[in-house]
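Results of the structural survey
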Amino acid sequence: MSAPTIIYTHTDEAPALATHSFLPILRAFAGAAGIEVETRDISLAGRIISRFPERLKPEQRLEDHLAELGELATSPDANIIKLPNISASMPQLKAAIAELQSQGFDLPNYPDDPGTDAERDVQARYDAIKGSAVNPVLREGNSDRRAPGAVKAYARAHPHRMGVWSKDSKSHVSSMAGGDFFENERSVVMDDATELRIEHVGTDGSVTALRAPVAVEAGEVIDATFLSARALVEFLDAQIVDARDQGVLFSLHMKATMMKVSDPIIFGHAVQAFFKPIFEKHGATLDRLGVDVKNGFGDVVAKIESLSETDRAAIEADLQAVYAAGPGIAQVNSDRGITNLHVPSDVIIDASMPVLIRDSGKMWNAAGELEDAKAVIPDRSYAGVYQAVIDDCIANGAFDPSTMGSVPNVGLMARKAEEYGSHDKTFEIAAAGTVRVVRPDGDVLISHEVETGDIWRMCQTKDAPIRDWVKLAVSRARDSGSPAVFWLDANRAHDANLIRKVETYLADHDTEGLDFRILAPADACRFSLERIRRGDDTISVTGNVLRDYLTDLFPILEVGTSAKMLSIVPLMNGGGLFETGAGGSAPKHVQQFEKENHLRWDSLGEFLALAASLEHLADHFDLPSARMLGRTLDQATTQYLLQNKAPSRKCGEADNRTTHFHVALFWAEALATQTEDPQLAIRFAEIARQLREHEDAIVSFLNTMQGKSMDIGGYFKPDPKKAVEAMRPCDELNRIIDGVNSMIEA
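Residues numbered from 1 in each chain as written. Predicted model: local features only at pLDDT ≥ 70, side-chain atom pairs only at ≥ 80, totals over all residues. Heavy atoms only, no water.

1. Description of the pattern of salt bridges
Note the following rule: A pair is scored as a salt bridge if a Lys or Arg side-chain nitrogen falls within 4 Å of a carboxyl oxygen belonging to Asp or Glu.
One pass over the full model with this rule turns up 55 salt bridges. Overlapping salt bridges, with partners in common, bring together Glu185, Glu419, Arg457, Arg492 and Asp495 in one network.

This is how it looks when you write it as structure tokens:
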């Protein structure tokens with residue numbers, strides 16, 4: 001790109017609706033400084049459409065914008081604002097396909113059991129869209145995530161609700177003691193660039209390639225491990241009994257969206273374990289119906305609807321008997337009977353566990369009441385972190401947001417690092433034997449004896465991202481003056497190799513006066529918890545999965561949500577990726593919007609990311625106007641927080657559209673008082689005057705128009721015209737915003 005350009009991503013659900021309201025404001029204000037704002041569609045629907053151009057009419061086709069942005073992310077000109085998107089579970093993927101088909105898109109159904117090459121091709125195209133298909137493509141850099149000063153100050157002045165902990169709490173985390181990914185992990189560092197084969201050797205000596213050879217680089221860390229299906233089932237059976245004996249809710253915490261191969265399989269085992277009497281008695285019927293437990297127990301509920309009333313009633317009666325026998329099971333929606341095991345994407349560990357901790361270690365039961373819970377996290381690699389927080393809360397009580405410190409994060413995630421890049425190298429083993437990783441010369445680097453049903457995976461972590469991660473940690477430690485802790489366990493094979501690299505690469509930097517530590521995750525958590533209770537900050541320097549977990553855990557405890565965090569990804573080739581926060585609550589926001597025309601999505605993450613994007617643009621293009629825009633937006637965001645203009649949860653009060661008006665007002669007023677560009681100040685003074693003059697009328701209109709149901713023509717792909725009309729309903733506000741540049745040019 002030769003001109004200063006920001007790429008603003010069009011994604012899904014509440015963030016996508018908010019974009020229809022905020023993007024015109026952004027384009028108007030940025031255009032005043034000669035900055036272009038373009039959009040790229042990386043929504044779930046957009047990614048599906050882009051996969052099947054040959055089946056669609058010319059006007060329906062969409063370029064593969066994700067691939068385009070992946071290429072751009074390797075360029076020094078990259079300046080991408082990335083909003084939360086759907087990491088599709090299989091039920092979400094199929095629902096999106098069905099919606100698009102109903103809108104006239106000639107898309108094939110997802111073939112569950114492909115029998116032809118054509119069906120296998122369709123399945124492969126769709127599988128590339130499942131789970132976390134977006135982030136690994138864009139993240140060509142490591143993560144710097146922290147709470148901005150204004151956000152932290154607001155949280156301290158207006159602390160959010162925290163549940164009261166009892167020293168008698170029975171809530172706890174349960175993980176496998178053996179047979180898990182942690183125990184079976186093997187790790188090597190490559191001496192040279194080459195290709196590795198992943199092959200299964202049967203008990204009869206037959207060799208089967210599990211995929212095409214994998215290219216690796218010199219210095220790259222290669223890990224392989226497996227989770228024993230037999231050990232998993234034994235563990236789940238024991239935890240169900242233990243939950244019943246202790247009188248606590250059974251709850252499963254996975255990340256089936258991000259770990260899109262392994263975690264749905266584990267989820268399915270949990271469904272079969274908890275509802276074992278149903279599958280033992282009615283297994284043949286459920287098989288005939290095509291029930292897929294990887295889609296959750298909700299697939300059972302949906303499929304039995306096609307049975308006769310008598311047959312369905314028999315299964316439903318046995319289901320009630322399972323519930324009556326206990327243990328209780330955590331609920332996603334108590335009123336509707338949606339349990340923790342209904343849909344894999346409904347309970348995502350990095351969102352569900354912080355909420356459990358915030359709510360006194362409790363989850364909702366079938367009666368709609370909070371109750372102590374057993375948090376089942378089968379693999380123990382990171383589970384101890386959550387147990388450390390629970391132990392701390394039982395001993396010391398809930399955290400106090402008005403005094404607690406902060407735990408910013410520097411995360412290793414570039415170039416599909418660690419587990420989040422393992423999807424295409426993860427397999428459910430079809431037959432007993434040996435899975436091995438082999439060099440071209442036949443040298444076996446890693447080997448595992450496996451049984452049918454085991455889950456085997458290989459991960460890659462390239463050397464250049466590790467060096468960059470260490471460099472970023474040193475930079476953040478020096479800038480903040482806070483201790484920086486690498487959350488690495490010397491007793492884990494992968495971490496042991498990373499520790500050696502960290503120690504080597506730290507020596508390349510001037511670390512005099514800086515406090516660096518290397519601690520196992522649970523120990524690092526305890527160290528950080530002790531400090532935040534004193535009001536002190538501690539930088540967590542973590543791998544990819546813990547980056548994901550901690551950048552929800554600590555923000556939810558500190559400021560009430562992870563959506564208010566500043567998330568910067570300095571791309572390794574010089575560009576910038578600016579992420580706007582978490583979207584885990586986005587589906588509930590859309591449900592409320594459709595019901596009563598109130599969108600409670602808070603765009604604070606977008607405001608923070610945009611300010612950082614403008615600063616990066618100013619540096620890259622030596623553009624003072626971009627720096628001025630970013631600084632004045634920061635001032636506007638501060639006023640937004642200080643004056644408490646965030647969306648309300650209640651219909652008839654301020655929502656996302658009202659907050660966009662106030663940010664536009666505060667931004668215009670800040671631009672009107674800046675002194676770097678007097679002409680721009682004079683012209684934005686008129687815009688600010690008009691916005692302030694019409695403030696009461698605009699706010700009143702945006703609040704009083706709420707209360708009616710909304711039809712925007714689709715969930716995954718709303719009708720653009722209907723969405724714009726819904727999100728820009730105020731003619732007076734639209735007149736002022738659409739006239740910004742004409743007023744400036746006048």
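2. Side note on the environment of alanine 238
This is how the line gets drawn: Secondary structure counts use DSSP, requiring at least four H or I residues in a row for a helix and at least two E residues in a row for a strand, with both numbered from the N terminus. Here's how the labels work: a residue is buried when its accessible area is under 20% of the maximum for its type, exposed when over 50%, partly exposed in between, all with a 1.4 Å probe on protein chains only.
Mapped onto the elements of the fold, alanine 238 is located in helix 9 (residues 229-246). Alanine 238 gets classed as partly exposed once you look at its relative accessible area, which sits at 40%. Alanine 238 sits 355 residues away from phenylalanine 593 along the chain, and the two C-alpha atoms are 42 Å apart.

3. Observations concerning the sheet that holds strand 2 (residues 36-41)
Using the following cut-off: By this definition, two strands are paired if DSSP reports at least two bridges between them. Axis definition: a line fitted to C-alpha atoms, limited for helices to the stretch in contact. Angles are taken between N-to-C directions and run from 0 to 180 degrees.
Read across the open sheet, the 10 strands follow the order 2-1-3-25-24-4-16-23-21-22; overall the sheet is mixed. This sheet does not close on itself; its edge strands, each paired only once, are strand 2 and strand 22 (516-519). Direction aside, the axes of adjacent strands within the sheet are offset by 20 degrees on average. Inspection of the sheet shows strand 21 (residues 484-487) paired to strand 22 by 4 bridges, in the parallel sense. Paired with alanine 484 across the bridge in strand 22 is phenylalanine 516.

4. Observations concerning the packing of helix 1 (residues 13-31) against helix 20 (residues 586-596)
Under the convention used in this document: These descriptions rest on fixed angle ranges, namely under 35 degrees for roughly parallel, over 145 for roughly antiparallel, 65 to 115 for roughly perpendicular, and the rest for oblique. Contacts: residue pairs with any heavy atoms within 4.5 Å of one another. Amino acids are sorted into nonpolar (Ala, Val, Leu, Ile, Met, Phe, Trp, Tyr, Cys and Pro), charged (Asp, Glu, Lys and Arg) and polar (every other residue, Gly among them).
At a closest axis distance of 7 Å, the pairing of helix 1 and helix 20 adopts a crossing angle of 60 degrees. As summarised for this structure, helix 1 and helix 20 are arranged oblique, according to the angle between their axes. Along the contact surface, helix 1 presents Glu13, Ala14, Pro15 and Leu17, while helix 20 presents Ala586, Pro587, His589, Val590 and Phe593. A class-by-class count of the residues in the contact of helix 1 with helix 20 yields 7 nonpolar, 1 polar and 1 charged.

5. Here we look at the nonpolar core
Here is the rule we go by: What we call a nonpolar core is a set of buried Ala, Val, Leu, Ile, Met, Phe, Trp, Tyr and Cys residues that are connected through their side-chain atoms within 4.5 Å.
The biggest cluster of nonpolar side chains holds 62 residues, and the ones touching the most others in it are Phe29, Ile35, Leu610, Trp667, Phe684 and Leu691. If one sorts the elements of this core by residue count, helix 21 (residues 604-621) sits on top with 10 residues. Among the nonpolar cores identified, the runner-up in size contains 42 residues, and Val389, Tyr420, Phe527 and Tyr549 belong to it.

6. A look at the sheet that holds strand 10 (residues 221-227)
One open sheet accounts for 4 strands, arranged 6-10-20-17; its pairing is antiparallel. Every other strand in the sheet has two partners, leaving strand 6 (186-189) and strand 17 (426-428) as the edge strands with one partner each. Averaged over all neighbouring strand pairs, the angle between strand axes comes to 10 degrees, with direction disregarded. Helix 10 (residues 262-274) contacts strand 10, strand 17 and strand 20 (455-461) of the sheet and is inclined by roughly 150 degrees relative to strand 20.

7. What about helix 15 (residues 383-396)?
Which entries qualify depends on this criterion: Expected helix span is given by 1.5 Å per residue-to-residue step, counting one fewer step than there are residues.
For helix 15, which comprises 14 residues, the first-to-last C-alpha distance of 20 Å matches the rise-based estimate of 20 Å (1.5 Å per residue) to within 8%. Burial analysis of helix 15 places 10 of its 14 residues in the buried class, which makes it a mostly covered element. Residues of helix 15 that are buried: Ala383, Val385, Tyr386, Gln387, Ala388, Val389, Ile390, Asp392, Cys393 and Ile394. Buried residues belonging to helix 15 abut strand 5 (172-174), helix 14 (349-358), strand 21, helix 18 (521-533) and helix 19 (544-559). One or two positions beyond helix 15, positive phi appears at glycine 397, with a value near 85 degrees.

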